[in-house]
Amino acid sequence: MSTAAQTPFALVDRAKVERNIARLRAHLDGLGVPLRPHVKTTKALEPTAMLFDGGTGPITVSTLAEAEFFADAGYTDILYAVGIAPSKLERVVRLRRRGVDLTVLLDTPAQAQAVLAHAVEHDERIPVLIEIDADGHRGGVRPDDPMLLEIARSLADGGAQVRGVMTHAGESYGAIGRAAQAPADEEERRASVEAAHRLRADGHAAPVVSIGSTPTAHAAQDLTGVTEVRAGVFVFFDLVMAGNGACQIDDIALSVVATVIGRGPDDASLLTDAGWMATSSDRGTTRQPVDQHLGLVTTHEGRVIPDLVMVGASQEHGVLAVRPGVDRPLPDLPVGTRCGSCRSTPARPPRSTITTRSWPAKGSRPPSAGCERAAGEDGRRRRDATGCRSRRARR
């Protein structure tokens, strides 16, 4: 006798995942540039393998724990796309000595000196991408900054590999619609290609020009000079991507299923057993034309319930209410009713088995299983009563 999964649990729609992957792959194939997916979104082996038709391929990670997890599964071409901290270089060397072609990222002379020190100490030519600032979003060197060549020269003189440049158009998340996102993609392309040209003119091979974010990857019209595109959230999508036009709400492939467990004061809200530990505390839609609060709410079958949103959360409780400013009664969802938080990527996937509407269950690994290994930056397994302590960031 089968038993229904206990809430809260994540629900992945395999057909939508396949459709989302095929859509971006076809777009980039048309532009002649390969995809290096950012696996901090998928975190686990089965959905990641779908990006490579069941095999492996080049990936991007945001923690060395993710790099170690995927290296264990046979992934050998990995870009660690967060500025390298000197204390992590020992782990970088260990991964490279396992046969993993792990590339690191930096944008300061101090990081370059730390890489060089480890290269000399361990006789390991660590490959490096220099981060380029295309939009003033966070880190990176401007393409015309003299520091770009200073960093590259010190790396080359010390025996490190100057593989090229990488940038991320973080400001594209605030651009609404393709017409606004396309200029962000072009600026991302222009800045990185300009930086690569400067490196090559200075005698560095710099074969890699890596750009990407989910909005700009879909909005790109010309990728001349770019050698790879990075994106990650496109596999599942989320409400921020729906709000900025990168996808439709129906494209979102991941939700969190919860059970109604009570009602709030004055019967003005519903309480569920899925708080921020299981869903998300992300309020990324607050600056968009429509604020989706902590998430839309769906029936267990996936139909969006009009104007019912997740307005609050404590650690283990979710609060559902009618969208502020809308005059309509609270839907009648009795205690025991299952519903979905439509559909945000969980900040901390629940420990319960993740199921899907069409994911093979027998003999397959739950799609969140990878985050058990990829959660802690120190490589240790970190769990509490509800599951992994990983935090998804967009790309």
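Residues numbered from 1 in each chain as written. Predicted model: local features only at pLDDT ≥ 70, side-chain atom pairs only at ≥ 80, totals over all residues. Heavy atoms only, no water.

**Quick notes on the overall build of the protein**
Of the regular secondary structure elements, the protein holds 10 helices and 15 strands. Partitioning the intrachain contacts of the protein with sequence separation of at least 6 by distance along the chain shows that 69% fall at a separation of at least 24. (Helix = DSSP H or I, 4+ residues; strand = E, 2+ residues; numbered from the N terminus. Contact = heavy atoms within 4.5 Å.)

**Things to note about the nonpolar core**
Core analysis: the biggest nonpolar cluster contains 80 residues, and Leu 102, Leu 106, Val 115 and Leu 155 have the highest contact counts within it. For Leu 106, the contacting residues outside a window of four places in its chain are Ile 84, Gln 111, Ala 112, Val 115, Val 128, Leu 129, Ile 130, Glu 131, Ile 151 and Leu 155. Formed by 12 residues, the second largest nonpolar core is a distinct cluster that contains Val 260, Ile 305, Leu 308 and Val 322. (Core = buried A, V, L, I, M, F, W, Y, C linked by side-chain atoms within 4.5 Å. Buried < 20%, exposed > 50% of the residue type's maximum accessible area, 1.4 Å probe, protein only.)

**Digging into unusual backbone geometry**
Apart from glycine, the bulk of residues carry a negative phi angle, and the bulk of peptide bonds sit in the trans form. The residue after Thr 7, namely Pro 8, is reached through a cis peptide bond having omega 0°. In this structure, Pro 8 sits in the segment before strand S1 (9–12). At Ala 206, a residue that is not glycine, the phi angle is positive and equals roughly 40°. With respect to the helices and strands, Ala 206 occurs in the loop between helix H7 (178–201) and strand S7 (208–211). Judged by its relative accessible area of 0%, Ala 206 is buried. In this structure, Asp 266 is a non-glycine residue whose phi angle is positive, near 60°. Examined against the element boundaries, Asp 266 turns out to sit in the loop between strand S9 (254–263) and strand S10 (270–272). Judged by relative accessible area, which is 79%, Asp 266 ranks as exposed.

**Describing the environment of Ala 175**
Its place among the elements puts Ala 175 in the loop between strand S6 (161–167) and H7. The class of Ala 175 is buried, set by a relative accessible area of 12%. For the pair formed by Ala 175 and Pro 215, sequence separation is 40 residues and the distance between their alpha carbons is 8.5 Å. Among all residues touching Ala 175, those that are not within four sequence positions of it are Ala 180, Gln 181 and Asn 244.

**Considerations on the confidence of the model for the protein**
Looking at the protein as a whole, its pLDDT mean stands at 86, while 85% of the residues score no less than 70. For the stretch residues 346–394, pLDDT sits under 50, and the model shows 136 contacts to residues farther than four places along the chain or on other chains. (pLDDT = per-residue confidence, 0-100.)

**Looking at the packing of aromatic side chains**
Tallying each qualifying case throughout the model produces three aromatic pairs. Taking the centre distance of 5.1 Å and the plane angle of 85° together, the rings of Phe 69 and Phe 70 count as edge-to-face. Both residues of the pair, Phe 69 and Phe 70, count as buried. Put simply, the rings of Phe 52, Phe 69, Phe 70 and Tyr 75 touch in pairs and so form one group of aromatic residues. (Phe/Tyr/Trp six-rings, centres within 6.5 Å; stacked < 30°, edge-to-face > 60°.)

**What about the side chain of Glu 228?**
Relative to the helices and strands, Glu 228 resides in strand S8 (residues 228–229). Look at Glu 228 and you get buried, because its relative accessible area is 9%. Here Arg 36 takes part through its side chain, which lies 3.0 Å from a polar atom of the side chain of Glu 228. (Polar contact = N/O pair within 3.5 Å; in protein donor to acceptor, adjacent residues only side chain to side chain.)

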